[in-house]
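# Geometric and topological summary
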Amino acid sequence: IWTVNDTLREITGNLEIGLQTFDGNIKWKENISVQIGANQSKEVFSIRFSDLPSISMKDDFIYAVLRLDTGEELRKSYFFEEIGRLNLPTARLAIKAIEVKSAGNENLITLTLCSDKYARFVKIKPLRKEIDYSDNCFDLMPGEEKKVTIKAPKGTYFQIESRNSPPIRITI
């Protein structure tokens, strides 16, 4: 695993690397401290496939989560097959929390989303209105929580969906 720091400051944190099923079972996990200098690319971890537990090419994936000392989290998933060939289970997206702040004719909405299984390409789609998002295309690992901030007119109707989940519909 290589890291790239294209900032002008050193980055330090913890890197979690794991082999996981789309249902959420962790087969293998490793944590390492990382320190990457300013404007530096660096190999921080290496392992042979033969040293990992048995891999199901269509049911497992490798993930990496870099938790920086600043509190920022960066995530990446690696799949062993093309997306259309993966055995993605049906995920149940859920809204764990909704925070709404009104300002005139608009709402500033913070949704905390989660999923019981790996949810691929989670999208929030407004129906009939334009909105601004903090993020609108992401994956959710099983049990992970993701906060998304939305600026939208009052009464906006949303649909939240992913490639492998039924949609959730809400009006705020």
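Residues numbered from 1 in each chain as written. Predicted model: local features only at pLDDT ≥ 70, side-chain atom pairs only at ≥ 80, totals over all residues. Heavy atoms only, no water.

### Regarding the sheet that holds strand β8 (residues 106-115)
To be explicit about the condition: If DSSP finds at least two bridges between two strands, the strands pair. Counting from the N terminus, the helices are the DSSP runs of H or I reaching at least four residues and the strands are the DSSP runs of E reaching at least two.
Strand order in this open sheet of 4 strands is β7-β8-β12-β10, and the pairing throughout is antiparallel. Edge positions in the open sheet fall to β7 (93-103) and β10 (132-133), since each of these has one partner strand only. Note that β7 and β8 share 10 bridges and pair antiparallel. The partner of I98 across the bridge, within β8, is L111.

### Structural notes on the environment of G155
Cut-off, in case you're wondering: Three exposure classes are used, based on accessible area relative to the maximum for each residue type with a 1.4 Å probe and protein chains only: buried under 20%, partly exposed in between, and exposed over 50%.
By secondary structure assignment, the location of G155 is in the loop between β12 (145-153) and β13 (157-162). You can call G155 partly exposed: its relative accessible area is 43%. For the pair G155 and Y78, spaced 77 residues apart in sequence, the C-alpha separation works out to 38 Å.

### Digging into the packing of aromatic side chains
Using the following cut-off: Each Phe, Tyr or Trp ring, with Trp reduced to its six-membered ring, pairs with another whose centre is within 6.5 Å; inter-plane angles below 30 degrees give stacked pairs, above 60 give edge-to-face pairs, and intermediate values give tilted ones.
This structure, assessed with the given rule, holds 10 aromatic pairs. Relative to F45, the ring of W28 has its centre 6.1 Å away and its plane inclined at 35°; by these criteria the two rings are tilted. In this pair, W28 is assigned in strand β3 (residues 26-36) and F45 in the loop between β4 (40-43) and β5 (60-68), connecting sequence segments 17 residues apart. Under the relative-accessibility criterion, W28 is labelled buried at 14%. Residue class for F45 comes out buried when judged on its relative accessible area of 14%. Judged by centre distance (4.7 Å) and plane angle (65°), the ring pair of F61 and Y118 falls under edge-to-face. Highlighted residues: F61 in strand β5 and Y118 in the loop between β8 and β9 (119-127), separated in sequence by 57 residues. Relative accessible area serves as the criterion here: at 0%, F61 is assigned to the buried category.

### Things to note about the pairing of β5
The two faces of the sheet receive side chains in turn, since in a regular strand these alternate between them. With respect to burial, β5 is a largely interior element, 8 of its 9 residues being buried. Summarising the sheet, strand β2 (residues 11-21) and β5 pair through 9 bridges and their orientation is antiparallel. By the bridge assignment for β5, Q20 is matched with F61. Two strands pair when backbone bridges link them, and β5 and strand β6 (residues 73-79) are joined in this way by 7 bridges, in the antiparallel orientation. From the neighbouring strand, L66 faces β6, where its bridge partner is L74. Linking β5 back to β6 in an antiparallel pair, the connection comprises 4 residues, with G71 at a positive phi of about 100°.

Read these as spatial facts, not as claims about activity.
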